[in-house]
Amino acid sequence: MSSSKVIGFGAIRGKIPEGGHLMNSRTGLEQLNLIRRGASCVSGQVEENFWDRYTSPTINLFNRPQFRNAVDEAKRQGVPLVISDLFKMLGLLGDRDKAVDAYIRITGLGVTIIDGKLGIVATSIPGDALSFMISSAVLTKKNRRIGLKNGGTESRQPTARTIARAKRAVKRHADDFAQRMLPVIEAIRLELGDKASASAIATKLNEERHRTARGKMWQATSVLRVLKRIDQIAPRPALSAVKSDDNDESAGS
């Protein structure tokens, strides 16, 4: 997905910035940086920013004028809506069921939602990883509420089972992405012929406005990493023959 514009929504805490502008407060600037990060994942420019206070169990986000205005403007222009830190905002509801319901409503508003902090489209997150992230965000809020952040005795770390489940979800997402990119990379390799180095393939992918699984620009190492994962899933001698440039590093897992 690519877009020339995005609409931003930042949820700030504390006092209203002087003059009502995000750039007039430290937390406002932090929100702007997160929104810009989210915009970069779709090569977009921030057209307009809306902001409001952090949500809470007593506030209905969907009735807040600024949030509604942000959604309406994104729909009007047909562009994505970047929420500066979606999961932190959901976690501040303090209840997992409420956070899940809010996520479902937000992603069902008829506009593409991008998490600025993660730099990815919210609906592209695998189910297991999504559940883990929402639960962790809610737990963080609860622990702060009872003072565990500063010297509390109860651990805020997820269980080993939860971590293992999240890692499996991330691996599955990476495998799925590699398989989706397989025909694209193979077509480019055939088109380039003898010039099909990892760097040349990365350049071509960027020219065609493809992005990595994390929404970033392609580099030689990211091409090699995808090819290595493809070989681990189902070895393909033709793809394994893609050349590394002299300056390319070996791809990690």
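You'll find the structure just up there.
The model shown is predicted, which means the values in this text are computed figures rather than measured ones.

Q: Which residues make up the nonpolar core, and what are the values?
A: Phe-9, Leu-81, Ile-83, Leu-86 and Ile-106 are the most contacted members of the largest nonpolar core, which totals 33 residues. Sorting the residues of this core by element identifies β1 (5–12), α2 (65–77), β3 (81–83), α3 (86–91), α4 (96–107) and α5 (127–145) as the ones contributing at least two each. Ranked by residue count, the leading element in this core is α5, at five residues. Ala-178, Ile-188, Ala-220 and Ile-230 belong to the second largest nonpolar core, which has 17 residues in total.

Q: Help me get a handle on the sheet that holds β1, residues and values and all.
A: Pairing is mixed across the open sheet formed by five strands, whose spatial order is β2-β1-β3-β4-β5. Sheet topology places β2 (45–53) and β5 (120–121) at the edges, where each strand pairs with a single neighbour. The sheet contact formed by β1 and β2 spans eight bridges and is parallel. Looking at the pairing, Lys-5 lines up with Gln-45 of β2.

Q: Can you explain α4? Please cite residues and give values.
A: Taking 1.5 Å per residue, 12 residues should reach 16 Å; α4 reaches 16 Å between its end C-alpha atoms and fits that length. Between the side-chain oxygen at the start of α4 and the backbone nitrogen of Asp-97 there is a gap of 3.1 Å, and the oxygen is on Asp-95.

Q: Please set out the pairing of β1 residue by residue, giving values where relevant.
A: Most of β1 is tucked away: seven of the eight residues are buried. One ladder, built from three bridges, connects β1 with β3; its direction is parallel. The residue of β3 that forms the bridge with Gly-8 is Val-82.

Q: Give me the lowdown on the pattern of salt bridges, citing residues and values where you can.
A: Side chains that differ in sign of charge can pair as their charged atoms come close. Evaluated as defined, the whole model comprises five salt bridges. Arg-76 is the partner of Glu-73 in a salt bridge, and the nearest nitrogen-oxygen pair spans 2.6 Å. Note that Glu-73 and Arg-76 are positioned in helix α2 at a spacing of three residues, about one turn of the helix. Residue Arg-76 is classed as exposed on the basis of its relative accessible area of 62%.

Q: Before we move on, can you summarise the packing of helix α7 (residues 198–207) against helix α8 (residues 220–233) with the specific residues and values?
A: Contact pair α7 / α8: the axes reach a minimum separation of 8 Å and the direction vectors enclose 100°. As judged from the angle between their axes, α7 and α8 are roughly perpendicular. Listed contacts from α8 to Ala-198, Ser-199, Ile-201, Ala-202 and Leu-205 of α7 are Ala-220, Val-223 and Leu-224. Partitioning the contact of α7 with α8 into residue classes produces seven nonpolar, one polar and no charged.

Q: Break down the packing of aromatic side chains for me, citing the residues and quoting the values.
A: In the structure shown here, the tally under the stated rule is three aromatic pairs. Centroid distance Phe-9 to Phe-67: 5.2 Å. Interplanar angle 80°. Geometry classified as edge-to-face. Residue Phe-9 is found in strand β1, and its partner Phe-67 is found in helix α2; the two are separated by 58 residues along the sequence. The burial state of Phe-9 is the same as that of Phe-67; both residues are buried. Ring centres of Phe-177 and Trp-218 lie 6.1 Å apart, and the angle between their planes is 15°; this geometry places the pair in the stacked category. Taken as a pair, Phe-177 in helix α6 (residues 160–192) and Trp-218 in the loop between α7 and α8 lie far apart in primary sequence, 41 residues in all. One exposure class covers both Phe-177 and Trp-218, and it is buried. Through pairs of rings, three or more aromatic residues link up here, namely Phe-9, Phe-62 and Phe-67. Sitting above the plane of the Phe-62 ring, Arg-105 keeps its charged end 3.9 Å from the centroid.

Here is what the cut-offs are and how they apply
Residues numbered from 1 in each chain as written. Predicted model: local features only at pLDDT ≥ 70, side-chain atom pairs only at ≥ 80, totals over all residues. Heavy atoms only, no water. Core = buried A, V, L, I, M, F, W, Y, C linked by side-chain atoms within 4.5 Å. Buried < 20%, exposed > 50% of the residue type's maximum accessible area, 1.4 Å probe, protein only. Helix = DSSP H or I, 4+ residues; strand = E, 2+ residues; numbered from the N terminus. Pairing = 2+ DSSP bridges. Expected span 1.5 Å × (residues − 1). Polar contact = N/O pair within 3.5 Å; in protein donor to acceptor, adjacent residues only side chain to side chain. Salt bridge = Lys/Arg side-chain N within 4 Å of Asp/Glu carboxyl O. Axes fitted to C-alpha atoms, helices over the stretch in contact; angles between N-to-C directions. Parallel < 35°, antiparallel > 145°, perpendicular 65-115°, else oblique. Contact = heavy atoms within 4.5 Å. Nonpolar A, V, L, I, M, F, W, Y, C, P; charged D, E, K, R; others polar. Phe/Tyr/Trp six-rings, centres within 6.5 Å; stacked < 30°, edge-to-face > 60°. Lys NZ or Arg CZ within 6 Å of the ring centre and 35° of its normal.

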